[in-house]
2 protein chains.
Amino acid sequence: MSETELPDLEREQLAGDDESGAKQAATNQPAPNQLDEDDRLKPDFVDAVLEAVEEGDVDAARALVAPLHPADIADLFELTPEDRRRDLAAAIADQLDADVFAEMNDYVREALIDALDARQVADIASELDTDDAVAIIEDMDVEDQREVLRAMEPDDRAAIEEALSYPEESAGRLMQRDLVAVPEHWTVGDTLDYLRGHDELLTDFWEIFVVDPAHKPVGTCALSWILRTPRGIAMADVMQREQTLIPVDMDQEEVALRFQKYALISAAVVDQSGRLVGMITVDDVVHIIQQEAGEDVLRLSGAGEGDINEPIRLTVRTRVAWLVVNLGATILSASVVGLFQGEIARFALLAALMPIVSALGGNAGTQTLAVMVRALATNQLTSSNTLRMLFREFRIALANGVALGTVGAVGSYLVLGHLQLSIVFAIAMMINSVVAGLVGVIVPVALDKANVDPAVSSAVFVTTATDVMGFLSFLGLAALWGLSG
Amino acid sequence: MSETELPDLEREQLAGDDESGAKQAATNQPAPNQLDEDDRLKPDFVDAVLEAVEEGDVDAARALVAPLHPADIADLFELTPEDRRRDLAAAIADQLDADVFAEMNDYVREALIDALDARQVADIASELDTDDAVAIIEDMDVEDQREVLRAMEPDDRAAIEEALSYPEESAGRLMQRDLVAVPEHWTVGDTLDYLRGHDELLTDFWEIFVVDPAHKPVGTCALSWILRTPRGIAMADVMQREQTLIPVDMDQEEVALRFQKYALISAAVVDQSGRLVGMITVDDVVHIIQQEAGEDVLRLSGAGEGDINEPIRLTVRTRVAWLVVNLGATILSASVVGLFQGEIARFALLAALMPIVSALGGNAGTQTLAVMVRALATNQLTSSNTLRMLFREFRIALANGVALGTVGAVGSYLVLGHLQLSIVFAIAMMINSVVAGLVGVIVPVALDKANVDPAVSSAVFVTTATDVMGFLSFLGLAALWGLSG
């Protein structure tokens, strides 16, 4: 896609194009009047655009949207009710360029793309970096995909077909094929001449890769080093040999962690034989970091992707599945309660206090679980420190249990004045707190060892354990002691 | 800090320093033998280092650590039990440079720094970018801070004192003062000559800022554009006027969202009068994105920072506070149960089924809550679409409620054979599912409007609502219908 993506920007600027200059000067800060202090589109602004669209005042809608950054136009679509997005798209069609599609939420984009024919989709994809084009095309069904690919230039098509041949969410899907690579024996001057002489090269890049004759990367060179080095020096003497290479089949989450750990701006992607096949830049990784880190909270709660633009049907399917699993689990704890129907019938107050014991365990277990899931996701929890963390959580759980048990015992005694009940209540809380701490570590670590995502499946095991143990310890102790009103 | 941070790297490379060349060649991939496939230090490796330290074999320990990246040395300390970290530090003291401290977990670093005198800390801080130096110094108590600052060079001290004058977690703390800014009237050639002629400039930068005579940024120029433009062209014609400026007092979370939204590599930081005072680069932002996104899951569960290196005392304090609040809330739902002691004493099976109704509500509410908290944190949920999202969640909750109620009714009838009980059970589940969906949206949105972090405080309100409504609807309906075994 080198030819098309080149330098609209640069050409405009070098030519001092008037219109574009005026537009840019007006937006030195990104569209300040349309955005609130948190960079969100103001509701008034969204309403004004939609009103103009509804009244058929296409010019007014276009004038409003003109100063927006592509990311903000994408946001505008997400903030527009589903049934009005097509009208909006029709009204501002000429402002709806490839960059806007690249920034758009997957579901919103998919719905809009569905309305376009293969030719139009191919045009959009051709203007994007490989990774963005792939993001648009990979979600289409095979038939549509084939049609779009047929409508593309052979070069672009080859790039996308290659990307699609790598697993989903792998480095191969994330990388762009356009990059600047120079041979080891070149000087800085050779490199500068090459860059100035080749208009078809991509415009935005931050590092240059130095490769050997087999096209294997041997070093990386930040542009700032090149700028500060005399022309006669060899690239091999400017480049940094210590570099982080990304295998083309590496999972995107690992790619993101590697970028973060080593503070990378861009990195070379290599195939099985070590040849340079692409480049990943940090701006493509930033949203993955955000997404992967935010996913944990959604997975722990069984909310799936948690995408507010997801069709309701899919959302319900994901959430119901999780709720049914949990329903099954609560039946287990309910049957524990069932064992003690006799005690409860004799002393119904037990039924009022027992949910407190299980809720405490559930809350404490969720705390430990959240900490462990994060520590696993950020590679902080490894075999080296698992045992130490288990012991750490045990001590925390014991301290929590003693504190809460004491508060619970004193409080319940003051209110209900039943000493034995309060003692049983306190002991059950302590037991359940410790159980919560232990399962809160053991469950996610064991699932992780078994290559199951601990964020997805831990919660149901932990809360089932704390529910069962909460009811069992409290009602069991009450039965043993023969408590009654 | 310009003088010290300069180009150890560059000088070594230009001089073709042998030793460094050998070391670098050996580590083309970052230390492959010490790391597992997820870039985590192998337990065997950690054990080997600690064993060498324990046996007093300093040379062996150093040889093992030598090939590691600073980020991995920092990890090594985090994986080492607390009581053995000082010995490790003493053994590999000469490998423990400023970069390692910059990469280290706050708590681990603080404990190590405490053992150093002010002179040593000042030396470390002098070698770092302003933002990293500030991160080390800002956590010290005022007395120690003053001492360290006194031991620093006046320039470095001024930079850090200025940074410390900005609020915590603001752009001012995050930025570095070192940057390359050139006047508008310069040509590309002027800029190149300036860069080559000034050795004291920082080595790693990705964009050059163009400023007017009042030192206000008027444009940004990626290095790749400069490299590809003839020397005679004016900077004003190469730069992009459309730029994202960061106010110096902006919260770091907003900074991170802005970097992400506009795919920035670096951005100019300006003071109240619009003057350029610093620069933030994406590598400083990446860990904030990760941290802020991951924080939600910890806050929702009441686990505070959730840092596994936090002293236990602090962890217990945070978690107990949350558990006590929740204990208070469960008393409310327990007293609802207390109202129906008569019904429960007559029909103890109610006590076994009622936790299922409240647990379903709790799970469903947590799902909605997790989605809403993420949507608020990523600026996807705004006044423009709140009502639409409330309606969306209502429809999801209704569908969930009908599905789960049906499963619950059929299941309980098959097991217990009590038709009326099963009908009450199903209706209560539907009611509670809808309640969960509504409070799951309303609570976080209301807290956000009141400028309270919805991740911190929402969960207790939502689960209290679903517990109370779960017990009330189930037991209330049972009482109304006069259910009995």
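So, how was this worked out
Residues numbered from 1 in each chain as written. Chains lettered and ligands numbered in written order. Predicted model: local features only at pLDDT ≥ 70, side-chain atom pairs only at ≥ 80, totals over all residues. Heavy atoms only, no water. Axes fitted to C-alpha atoms, helices over the stretch in contact; angles between N-to-C directions. Helix = DSSP H or I, 4+ residues; strand = E, 2+ residues; numbered from the N terminus. Parallel < 35°, antiparallel > 145°, perpendicular 65-115°, else oblique. Left-handed = near helix turned anticlockwise from the far one by under 90°. Nonpolar A, V, L, I, M, F, W, Y, C, P; charged D, E, K, R; others polar. Pairing = 2+ DSSP bridges. Contact = heavy atoms within 4.5 Å. Buried area = accessible area lost by both parts, 1.4 Å probe. Salt bridge = Lys/Arg side-chain N within 4 Å of Asp/Glu carboxyl O. Buried < 20%, exposed > 50% of the residue type's maximum accessible area, 1.4 Å probe, protein only. Patch = residues over 30% accessible without salt bridge, like charges linked within 9 Å, V, L, I, M, F, W, Y side chains within 5 Å. Areas by Shrake-Rupley, 256 points an atom, 1.4 Å probe, with all protein chains shown as cover. Lys, Arg positive; Asp, Glu negative; His and termini not counted. Charge placed at Lys NZ, Arg CZ, Asp CG, Glu CD. UniProt positions renumbered as here; feature names shortened; annotations may be inferred. Core = buried A, V, L, I, M, F, W, Y, C linked by side-chain atoms within 4.5 Å. Least-squares fit on C-alpha atoms with pLDDT ≥ 70 in both. Domains from an automatic or database assignment.

All right, on to the packing of helix α23 (residues 386-416) of chain A against helix α24 (residues 419-449) of chain A then. Residues and elements named next belong to chain A. Look at α23 against α24: their axes get within 7 Å of each other, and the N-to-C directions meet at 155°. Considered as vectors, α23 and α24 are oriented roughly antiparallel to each other. Handedness of the α23/α24 crossing: right-handed. Considering only residue class, the contact of α23 with α24 consists of 21 nonpolar, 9 polar and 1 charged.

Let's shift gears to the sheet that holds strand β2 (residues 207-211) of chain A. All names here are of chain A. The mixed open sheet is built from 3 strands, whose spatial order is β1-β2-β3. Every interior strand has two partners, whereas the edge strands, β1 (181-183) and β3 (217-222), have only one. Averaged over all neighbouring strand pairs, the angle between strand axes comes to 30°, with direction disregarded. Across 3 bridges, the pairing between β1 and β2 is parallel. Pairing of V182 across the sheet is with V210, part of β2.

Time to look at the interface of chain A and chain B. Residue-level contacts link 149 residues of chain A with 149 residues of chain B. Considering only the side of chain A, the residues that lose the most area to chain B are L227, R228 and I308 of chain A, jointly responsible for 7% of the buried surface there. Inspection of the chain A/chain B interface yields 8 salt bridges. Linking D39 of chain A and R258 of chain B is a salt bridge whose minimum nitrogen-to-oxygen distance equals 2.6 Å. For the side of chain A that touches chain B, the leading source of residues is helix α22 (residues 349-377) of chain A, giving 18 residues. Classifying every residue of the side of chain A that touches chain B by side-chain character gives 77 nonpolar, 41 polar and 31 charged.

For the structure on display, the rule yields 38 salt bridges over all chains. In this structure, D72 of chain B and K261 of chain A form a salt bridge, with 2.4 Å as the shortest nitrogen-oxygen distance. Here D72 of chain B is found in helix α6 (residues 70-79), whereas its partner K261 of chain A is found in helix α18 (residues 252-261) on a different chain. The class of K261 of chain A is buried, set by a relative accessible area of 14%. Between R177 of chain B and E162 of chain B there is a salt bridge, with the nearest N and O atoms lying 2.8 Å from each other. One end of the pair, R177 of chain B, is in the loop between α14 (171-174) and β1 (181-183); the other, E162 of chain B, is in helix α13 (residues 154-164), with 15 residues separating them in the sequence. Residue class for E162 of chain B comes out partly exposed when judged on its relative accessible area of 23%. When salt bridges with common partners are traced through the structure, they connect D36, D38 and R40 of chain A into a single cluster.

Residues and elements named next belong to chain A. On the surface, a cluster of negative charge is contributed by E110, D114, D117, D139, D141, E143, D144, E147, E168, E169 and D251. Elements that contribute at least two residues to the negative patch include exactly α9 (106-114) and α12 (142-150). You can see D141 is positioned in the loop between α11 (130-137) and α12.

All names here are of chain A. For β2, the tally of buried residues reaches 5 of 5 residues, placing the bulk of the element in the interior. Burial of β2 is two-sided: the residues E207, F209 and V211 facing one way and the residues I208 and V210 facing the other way are all buried. Of the pairings in the sheet, the one linking β2 to β3 comprises 5 bridges and is antiparallel in character. Following the sheet pairing, V211 is matched in β3 by P217.

This part takes up the environment of G189 of chain A. If you trace the backbone, G189 of chain A turns up in helix α15 (residues 188-197). Spatially, the C-alpha atoms of G189 of chain A and M235 of chain A are 9.1 Å apart, while their sequence positions differ by 46 residues.

On to the UniProt feature "domain: CBS" (unreviewed entry) in chain A, then. When the UniProt feature table is mapped onto this chain, "domain: CBS" (unreviewed entry) is found at residues 239-297 of chain A. Between the C-alpha atoms that bound residues 239-297 of chain A the distance is 41 Å, and the span itself is 44% helix and 24% strand.

Within the largest apolar cluster, 176 residues are counted, with the highest numbers of intra-cluster contacts made by F77 and I280 of chain A together with F77 and I280 of chain B. Apart from residues no more than four positions distant in its own chain, I280 of chain B is found in contact with A171, L174, M175, I246, V255, F259, I265, S266, A267, V269 and V285 of chain B. By size, the runner-up hydrophobic cluster in this structure holds 123 residues, among which are A334 and L475 of chain A together with F425 and V439 of chain B.

Moving on, we get to the environment of G405 of chain A. Residues and elements named next belong to chain A. Among the secondary structure elements, G405 is positioned in helix α23. In the structure, G405 is positioned 337 residues away from L68 in sequence and 57 Å away in space, judged by C-alpha atoms. With residues near it in sequence (within four places) discarded, G405 still touches A426, M429 and M430.

Once that is clear, we can look at the relation of the copies chain A and chain B. Of the two same-sequence chains, chain A is brought onto chain B (RMSD 0.1 Å, axial shift 0.0 Å) by a rotation of 180°. Put plainly, the chains are arranged around a two-fold axis. Comparing interface residues between copies, 100% of those in chain A also sit at the interface in chain B, which points to an isologous, same-surface contact.

A separate point is the domain arrangement of chain A. The domains assigned to chain A are domain 1 (2-166), domain 2 (181-289) and domain 3 (312-480). The gap between the C-alpha centroids of domain 2 of chain A and domain 3 of chain A is 50 Å.

All names here are of chain B. Strand order across the open sheet formed by 3 strands is β1-β2-β3, with mixed pairing between neighbours. Either end of the sheet is taken by a strand with one partner, and the two such strands are β1 and β3 (217-222). Taken pair by pair, the neighbouring strands of this sheet meet at an average axis angle of 30°, ignoring direction.

This brings us to a nonpolar patch on the surface. Residues and elements named next belong to chain A. Nonpolar side chains collect at one region of the surface, where Y413, L419, I423, I427, I431 and W481 lie side by side and expose about 540 Å² of accessible area between them. By residue number, the principal contributor to the nonpolar patch is α24, which donates 4 residues. Residue position: W481 is located in the segment after α25 (454-480). We classify W481 as partly exposed; its relative accessible area is 42%.

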